Amino acid sequence: MDRDSSGTHNDGIEHSSSAWRGDTEDSYRRATERVIETMHERLYESFSLDEMAEVGIMSSYHFVRVFRQLTGIPPAQFFWALRLQEAKRLLLTTQQSVTDICFEVGYNSLGTFTRRFTELVGVPPRRFRSLAEGAGAEMANQLRNYLMEQLEPADDSAVHGFFDVPDDFSGVAFVGLFPKPIPQGSPLACSISQTALGFGITQRLEDGQYFVCSAAFDLGASQESFLLGQDALRAENIKCGLKVENGSVSQPVKLQMRRSLVTDPPILMAFPPLVADYLQASGAA
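Our subject in this report is the structure included herewith.

Within the largest apolar cluster, 41 residues are counted, with the highest numbers of intra-cluster contacts made by Met39, Phe113, Phe117 and Phe128. Mapped onto this core, the elements with two or more residues apiece are helix H1 (22-41), helix H2 (49-56), helix H3 (60-71), helix H4 (75-93), helix H5 (98-104), helix H6 (110-121), helix H7 (125-148) and helix H8 (223-228). Ranked by residue count, the leading element in this core is H4, at nine residues. Here phenylalanine 117 is in contact with Leu84, Ala87, Lys88, Leu91, Gly122, Val123, Pro124, Pro125 and Phe128, once residues within four sequence places are set aside.

What follows is the structure, given as structure tokens:
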């Protein structure tokens, strides 16, 4: 797909916000979903930006814009997030060594893999694997005990709000503030609460822009789902971010919770360490 000297694509499509309507938006979404499905199929292979754009039937330039508009992050970052999600799954469900998993998901250096995994998941690969050996279940029990005694969050919290969840859902929700729209690593501030009570983040916040990411799990969810961050309700992405002024947000935040979409980046952070830190800070454990 070419562009003329004015920078306009010669594909008959107006590439502006006005083009994101009706059939055009549906076409972009289907193309992006097709690329993501191909990413899943090619996790163990190289998959260049040009190849992704070819699958999406767009120019590389336009594909990056469309992909980022729908997912919140660039395609290469999405692809590597999928690879780390697969590494998490392999660590929990197989006996493969960390080294073998490192190479299997596309890394050429164990040191780079370990550093990247620790940065984005929140714990080193071997520590993450040990969570499946009892720590996850123990933490879930501690969390249930904490939730049984939990009160409705105070309105004077730095950030507070409520959840809009399906009528038949009852569970625990994690709300984190992140510097980017993908929930990875440790949040800058967080809250853990029952979806029926709403949430309140009491940590002191620096003024600036934050992205709100939330995942809600059924209290009866399997340990594997909890550890992998799968089968959770997710909050609609607040793409413009959340503005904090004078240390707080003036209005309550409504989080519309829904099932995950193909275009949602995987949840990479490990929840048990996050729960342990939160409970310790709350004096609950």
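What follows concerns the pattern of salt bridges. In the structure shown here, the tally under the stated rule is seven salt bridges. For the salt bridge of arginine 42 with glutamate 45, the shortest nitrogen-to-oxygen distance reads 3.2 Å. Between arginine 42 and glutamate 51 there is a salt bridge, with its nearest N and O atoms 3.5 Å apart. You can call glutamate 51 partly exposed: its relative accessible area is 30%. Several salt bridges share partner residues, and in doing so they unite Arg42, Glu45 and Glu51 into one network.

Right, let's get into the packing of H2 against H3. In helix packing, the relevant descriptors are the interaxial angle and the interaxial distance, both defined with respect to the helix axes. Direction vectors running N to C along H2 and H3 enclose 80°, while the axes themselves pass 9 Å from each other. If you check the angle between H2 and H3, you find them roughly perpendicular. Contacts between H2 and H3 involve Leu49, Asp50, Met52 and Ala53 on the former and, on the latter, Ser60, Phe63 and Val64. Of the residues belonging to the contact of H2 with H3, the class tally is five nonpolar, one polar and one charged.

Turning our eyes to something else, we now look at H4. Across its 19 residues, H4 extends 27 Å between first and last C-alpha, which sits within 8% of the 27 Å expected from 1.5 Å per residue. In terms of residue burial, H4 counts as a mostly covered element, since 14 of its 19 residues are buried.

Take the packing of aromatic side chains next. What the rule picks out here adds up to nine aromatic pairs. Both rings, one in phenylalanine 47 and one in phenylalanine 79, keep their centres 5.9 Å apart while their planes meet at 80°; by these two values the pair is edge-to-face. Of this pair, phenylalanine 47 sits in the loop between H1 and H2 while phenylalanine 79 sits in helix H4; the two residues are 32 residues apart in sequence, bridging distant segments of the chain. Neither residue differs from the other here; phenylalanine 47 and phenylalanine 79 are each classed as buried. Each ring, one from phenylalanine 174 and one from phenylalanine 217, has its centre 6.0 Å from the other, and the planes form 85°; the classification is edge-to-face. One end of the pair, phenylalanine 174, is in strand E2 (residues 171-178); the other, phenylalanine 217, is in strand E5 (residues 208-218), and 43 residues separate them in sequence. The exposure class assigned to phenylalanine 174 is buried, which follows from its relative accessible area of 2%. Ring pairs connect the aromatic residues Trp80, Tyr107, Phe113, Phe117 and Phe128, which therefore count as one cluster. Seen from the ring of tryptophan 80, arginine 83 lies directly overhead, with NZ or CZ sitting 4.6 Å from the centre.

Here glutamine 203 is to be found in the loop between strand E4 (199-201) and E5. Sequence separation between glutamine 203 and serine 191 is 12 residues, and the spatial gap between their C-alpha atoms is 9.1 Å.

Close contact between H4 and H6 brings their axes to 11 Å; oriented N to C, the two are set at 95°. It follows that H4 is roughly perpendicular to H6 by the angle criterion. Residues Leu84, Ala87, Lys88 and Leu91 of H4 touch H6, and the partners they reach there are Phe113, Arg116, Phe117, Leu120 and Val121. Its residues assigned to classes, the contact of H4 with H6 comprises seven nonpolar, no polar and two charged.

The rules behind each value
- Residue numbers here run from 1 along each chain, matching the order of that chain's written sequence.
- Local features in a predicted model are, by the rule used here, given only for residues with pLDDT of at least 70; side-chain atom pairs are given and counted only at 80 or more, and totals for whole chains, interfaces and linings are based on all residues.
- Note: side-chain values were computed over all heavy atoms of the structure, leaving out hydrogens and water.
- Here, nonpolar core refers to any group of buried Ala, Val, Leu, Ile, Met, Phe, Trp, Tyr and Cys residues whose side-chain atoms link them within 4.5 Å.
- Partly exposed residues are those whose accessible area sits between 20% and 50% of the maximum for their type, while under 20% is buried and over 50% is exposed, using a 1.4 Å probe and protein chains only.
- Strands here are runs of E lasting at least two residues and helices are runs of H or I lasting at least four, both read from the DSSP assignment and numbered beginning at the N terminus.
- Throughout, a residue-residue contact means that at least one pair of heavy atoms, one from each residue, lies within 4.5 Å.
- Salt bridges are identified by distance alone: a Lys or Arg side-chain nitrogen within 4 Å of an Asp or Glu carboxyl oxygen.
- Every axis corresponds to a line fitted to the C-alpha atoms, with the helix fit spanning only the stretch in contact, and the corresponding angles, defined between N-to-C directions, vary from 0 to 180 degrees.
- Should an angle fall under 35 degrees it is called roughly parallel, over 145 degrees roughly antiparallel, and 65 to 115 degrees roughly perpendicular, with every other angle called oblique.
- We call Asp, Glu, Lys and Arg charged. Ala, Val, Leu, Ile, Met, Phe, Trp, Tyr, Cys and Pro are nonpolar, and the rest, Gly among them, are polar.
- A helix is expected to reach a length of 1.5 Å times the quantity of its residues less one.
- The criterion for an aromatic pair is that two Phe, Tyr or Trp rings (for Trp, the six-membered ring) have centres within 6.5 Å, with stacked assigned to planes under 30 degrees apart, edge-to-face to planes over 60 apart and tilted to the rest.
- We call a charge positioned over a ring when the NZ of a Lys or the CZ of an Arg lies within 6 Å of the ring centre and within 35 degrees of the ring normal.

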